[in-house]
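Coordinate analysis (summary)
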Amino acid sequence: MATPQTDAERRKQISIRGIAEVGNVTEVKKNFNRHLHYTLVKDRNVATLRDYFFALANTVRDNMVGRWIRTQQYYYEKDPKRVYYLSLEYYMGRSLQNTMINLGIQSECEEAMYQLGLDIENLEELEEDAGLGNGGLGRLAACFLDSMATLGLAAYGYGIRYEYGIFAQKIRNGEQVEEPDDWLRFGNPWEKARPEYMLPVKFYGRVIDTPEGKKWVDAQVIYAMPYDNPIPGYDNNVVNTLRLWSAKSPIDFNLKFFNDGDYIQAVLDRNLAENISRVLYPNDNFFEGKELRLKQEYFMVAATLQDIIRRYKASKFGCREAVRTDFEQFPSKVAIQLNDTHPSLAIPELMRILVDEEHLDWNKAWNITVRTCAYTNHTILPEALERWPVSMLEAILPRHLQIIYHINFLHLENVKKLYPNDFDRLRRMSLVEEDGEKRINMAHLSIVGSHAVNGVAAIHSQILKDDLFRLFYEMEPHKFQNKTNGITPRRWLLLCNPGLSDLICEKIGNEWPVHLDQLLALKKWAKDSNFHRNLARVKQENKLKLAQILEKDYGVKVNPASLFDIQVKRIHEYKRQLLNCLHIITLYNRIKKDPTAAFIPRTIMIGGKAAPGYYVAKQIIKLICAVANVINNDPIVGDKLKVIFLENYRVSLAEKIMPAADLSEQISTAGTEASGTGNMKFMLNGALTIGTLDGANVEMAEEMGRENIFIFGMTVEEVEALKKKGYNAYEYYNKNPETKQCVDQIAGGFFSPENPNEFTNIADILLKYDHYLLLADFESYIKAQDLVSQTYENPAKWHEMVVNNIASSGKFSSDRTIAEYAREIWGIEPSWEKLPAPEAAPLTIN
């Protein structure tokens, strides 16, 4: 199993690896130089480090292309059921190291670069994070693609190739500033443009009746150009495809522009069409009913469904039967998974194609659509649920609105039959909401038009059944399932934490990256002092690396022996970074009150981006930075407490943070976080969790035992009871002197002496407008944090808990999640099949 090595280890290894690997190293060097010369048109005299990165990336890509083509040939020959994962976001991170690991060529590439006088880690750092995603939903999609390839599923990801990703975050004078994330400015070595598969997508226009049925006419046409990105499985020679669509203006011009002499304007107007794929919306859990967002969603769905149907018709199955337009077998050959409601227009779009273009009768088309589509819900936050204004849909997608109305009519007829005269139920289950501006509820559309609906953690799925979608669950309980999220062990342990990976391999072998449940065997060493020492050594090395980054990037020298307490995720009130900030202030006040008292040193890191228009989230960042400024510059505090706001949190930074963390903060109000996957990454890397019984924390606690996690705060039921009774923050403020001191310092300008009123609005939120009950949980949180410090003082106890955390991580592999989706939603058995390597079975050239 390849891991980074020291220079001495490299030399020793190369002497014993034998002729085959030496030959591979020679081949890597040869291909590297070929790409430098013939692809990049440079030599070593003028090449930059970025040129060397691209030469290496192209060399690695060469190793993947044969596998990529062979995989697609294999799917054509076998004609399996294909899975299509539709997501508006894919938070991929970097690809170079992940690809080398999955292809099993990391050690050869490292050695080749070493022999060429290059440091491969420096080259890896030059790769831009792919700007295709934002938060948990997008990162989950990326992990799922990795697992689908590793499990040998014939799977395709579909999304949008955003020219600009979520903004790059800069912190200036303690405030978030957004800068463009121009991630494609140097090019993307992994993608392959496919202009030959460009497809038309229509907007606007009107619907007319014809003898053949409804027809959508006078529409504006924009073209969707696909870019294919390879998704390699781990050590199985499978390479699947992520196809991303880019908006292109129609090639032809209206000739009247030439006659009017307005040719320049005609060219400029083309850019307006291409804005659809220009930029990623910077929030995946807050719905904004913007026209561009609706166009993005339909653009992705329309192009994708055309592509799916083209592939279905062109498959060997279609040829065998000699009926290329027979859709009877469509659900047995196609599974479409909707990643939240963003792709929910796939339901009316598939109906439009089947009814209007393929001329199937409505009932047959509906049966096919429902059996094909499945819906994953990612949030219960009301502000995140998509509700599109009818007026907007009528203008942009007139035929789809008609189809949605008819779906709703038939759906409500079914509700009436089951629940006669229950008019309130009819109103609440309708796809069309008529309170105020008439809107279409996209979650309701997704439920009605799918054969399976799932939440992403056991508690989340139960809330969907008990509360958010209770009426739908009562009507069709068979549709509802749970699929607890997972993470790929390849990126989130093997890649990012080679020291820990090596240690695990020494104990249990090297099959765990594809069978994560094997980590359970580590429990036998839970009390082993030698194993503890080795764990502590690996953790300390990771902390030293992160400490160097913090000093270089932030100018803050931290104590590597301190407890690294980390909370990284989007900045949102429900994730309660503000609760963490109150704890920081409490620790500071305790040190100031008695500087000589015993104190467990902490380095507290908070990272994440606030949506540009989310004022309160931006104020929370500003407060954290202001508190950090006071604490880090107080000589009385010294290195007992340091606070750092991590700028521009992203996948590549997460890969450095997770291995170094001692404590993971998962402190959302119970009943608000769907699942979380950051909690799983920390757990797998040996950090202990402080958290509420929310999202996947509940199942983590079940797997490891409550004695191995620091649980605090109210349960979902207690939260609901308190809200019902009426939450009065002043009760908690007046009862607890530490709470009162913190809030008063925020309100009184202690952390903003140049502007004493800077954070009065934060204090007002805590005391008057807090929907997330921070002060109600604060005392319990402080007690749990005190227990964390006491436990950290006892290394034997701490490391026993660490071992139990790592050993209990098996359930949280995305391989397990995807195997469940495959068997219980898509009707496919994962093959785990290893395809022949291209050199073992030459490519078929047709």
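Residues numbered from 1 in each chain as written. Predicted model: local features only at pLDDT ≥ 70, side-chain atom pairs only at ≥ 80, totals over all residues. Heavy atoms only, no water.

With that settled, the discussion passes to the sheet that holds strand β22 (residues 688–691). Read from one edge of the open sheet, six strands run β20-β19-β18-β21-β22-β23, paired in parallel fashion. Edge strands, defined here as strands with exactly one partner in the open sheet, are β20 (641–646) and β23 (710–711). With two bridges joining them, β22 and β23 adopt parallel strand pairing. Looking across to β23, one finds that G691 is bridged to I711. (Pairing = 2+ DSSP bridges. Helix = DSSP H or I, 4+ residues; strand = E, 2+ residues; numbered from the N terminus.)

Before going further, it helps to spend a moment on the side chain of D694. Secondary-structure assignment places D694 in the loop between β22 and α28 (697–704). Within the local environment of D694, its side chain forms a polar contact with the side chain of S668, the two groups lying 2.6 Å apart. Sequence-distant contacts of D694, defined by excluding residues within four places in its chain, comprise I459, S668, T669, A670, G671, T672 and E673. (Polar contact = N/O pair within 3.5 Å; in protein donor to acceptor, adjacent residues only side chain to side chain. Contact = heavy atoms within 4.5 Å.)

With that settled, the discussion passes to the UniProt feature "modified residue: N6-(pyridoxal phosphate)lysine" (unreviewed entry) in the protein chain. The UniProt entry lists K681 under the feature "modified residue: N6-(pyridoxal phosphate)lysine" (unreviewed entry), expressed in the numbering used here. Take K681: it is sitting in helix α27 (residues 678–684). The exposure class assigned to K681 is buried, which follows from its relative accessible area of 7%. Apart from the residues within four sequence positions on either side, K681 is in contact with R139, I487, W492 and M658. (UniProt positions renumbered as here; feature names shortened; annotations may be inferred. Buried < 20%, exposed > 50% of the residue type's maximum accessible area, 1.4 Å probe, protein only.)

On to the sheet that holds strand β15 (residues 439–441). Ordered in space as β13-β15-β14, the three strands form an open sheet in which the pairing is antiparallel. The open sheet has two edge strands, β13 (387–389) and β14 (432–433), and neither has a second partner. Examined bridge by bridge, β14 and β15 share two bridges and lie antiparallel to one another. Bridging across to β15, E433 finds its partner in R439.

A few words on a negative patch on the surface. On the surface, D466, D467, E717, E718 and E720 cluster together into a negatively charged patch. Going through the elements one at a time, α19 (458–468) and α29 (716–725) are the ones with two or more residues in the negative patch. Of the residues forming the negative patch, the biggest block, three residues, is contributed by α29. (Patch = residues over 30% accessible without salt bridge, like charges linked within 9 Å, V, L, I, M, F, W, Y side chains within 5 Å. Areas by Shrake-Rupley, 256 points an atom, 1.4 Å probe, with all protein chains shown as cover. Salt bridge = Lys/Arg side-chain N within 4 Å of Asp/Glu carboxyl O. Lys, Arg positive; Asp, Glu negative; His and termini not counted. Charge placed at Lys NZ, Arg CZ, Asp CG, Glu CD.)

Attention shifts here to helix α22 (residues 498–508). Given 3.6 residues per helical turn, the α-helix brings residues three or four places apart onto the same face. Listed as buried for α22 are P498, L500, S501, L503, I504, C505 and I508. Of the surrounding secondary structure, the elements contacted by the buried residues of α22 are α21 (489–495), α23 (529–554), α27 and α34 (795–807).

With that out of the way, let us pick up the domain arrangement of the protein chain. Looking at the assigned domains, one finds that the protein chain contains domain 1 (14–78 + 94–127), domain 2 (80–93 + 129–170 + 178–380 + 454–462) and domain 3 (498–688 + 714–719 + 775–812). Across the boundary between the two partners, domain 1 contributes 25 residues, which contact 31 residues of domain 2. Of the roughly 2,400 Å² buried between domain 1 and domain 2 on both sides combined, carbon and sulfur atoms contribute 56%. When the buried area of domain 1 at its contact with domain 2 is split by residue, W68, Y75 and N102 rank highest and sum to 31% of it. A salt bridge links D129 to R94; the shortest N-O distance between them is 3.6 Å. Seen at the junction of domain 1 and domain 2, the total is 13 residue pairs in polar contact (both at pLDDT 80 or more). (Domains from an automatic or database assignment. Buried area = accessible area lost by both parts, 1.4 Å probe.)

What follows deals with a nonpolar patch on the surface. Taken together, the side chains of Y263, I264, V267 and L268 present a nonpolar region at the surface, about 360 Å² in accessible area. By the secondary structure assignment, L268 is in helix α9 (residues 263–274).

This paragraph deals with the pairing of strand β1 (residues 82–86). Counting buried positions along β1 yields five of five residues, so the element is predominantly enclosed. Covered by surrounding structure in β1 are R82, Y84 and L86 together with V83 and Y85, the residues of both alternating faces. Strand direction decides the pairing type here: β1 and strand β11 (residues 334–339), joined by five bridges, are parallel. Paired with Y85 across the bridge in β11 is Q337. As judged from the four bridges shared by β1 and strand β2 (residues 155–160), these two strands associate in the parallel manner. Its bridge partner lying in β2, Y84 is registered against Y156.

Evaluation of the coordinates by the stated rule reveals 23 aromatic pairs. Between the aromatic rings of W525 and F531, the centroid separation amounts to 6.3 Å while the plane-to-plane angle is 50°, which identifies the pairing as tilted. One exposure class covers both W525 and F531, and it is buried. Here the aromatic rings of Y730 and Y733 are separated by 6.0 Å at their centres, their planes lie at 85°, and the arrangement is edge-to-face. Of the two residues, Y730 and Y733 are both situated in helix α30 (residues 729–735); the distance of three residues between them amounts to about one turn of the helix. With relative accessibility at 10%, the residue Y733 sits in the buried group. Taken together, Y84, Y156, Y158 and W245 form an aromatic cluster joined through their ring pairs. One cation-aromatic arrangement involves K295 over F203; the distance from NZ or CZ to the ring centre is 5.9 Å. We note K543 situated over the ring of F564; from NZ or CZ to the ring centre the distance is 4.8 Å. (Phe/Tyr/Trp six-rings, centres within 6.5 Å; stacked < 30°, edge-to-face > 60°. Lys NZ or Arg CZ within 6 Å of the ring centre and 35° of its normal.)

Once that is clear, we can look at the environment of E89. Relative to the helices and strands, E89 is located in the loop between β1 and α4 (96–103). With a relative accessible area of 0%, E89 lands in the buried category. In terms of polar contacts, E89 uses its side chain to reach the backbone amide nitrogen of N134, at 2.8 Å.

Further remarks concern the nonpolar core. In terms of nonpolar packing, the biggest core is built from 251 residues, with M148, F299, L522 and W826 touching the most fellow members. Looking at which domains feed residues into this core, each of domain 2 (80–93 + 129–170 + 178–380 + 454–462) and domain 3 (498–688 + 714–719 + 775–812) gives three or more. Excluding residues that lie within four positions of it along the chain, F299 makes contacts with I160, V201, F203, I222, Y223, A224, W245, S246, A247 and I276. Among the nonpolar cores identified, the runner-up in size contains 27 residues, and A112, M113, I120 and L123 belong to it. (Core = buried A, V, L, I, M, F, W, Y, C linked by side-chain atoms within 4.5 Å.)

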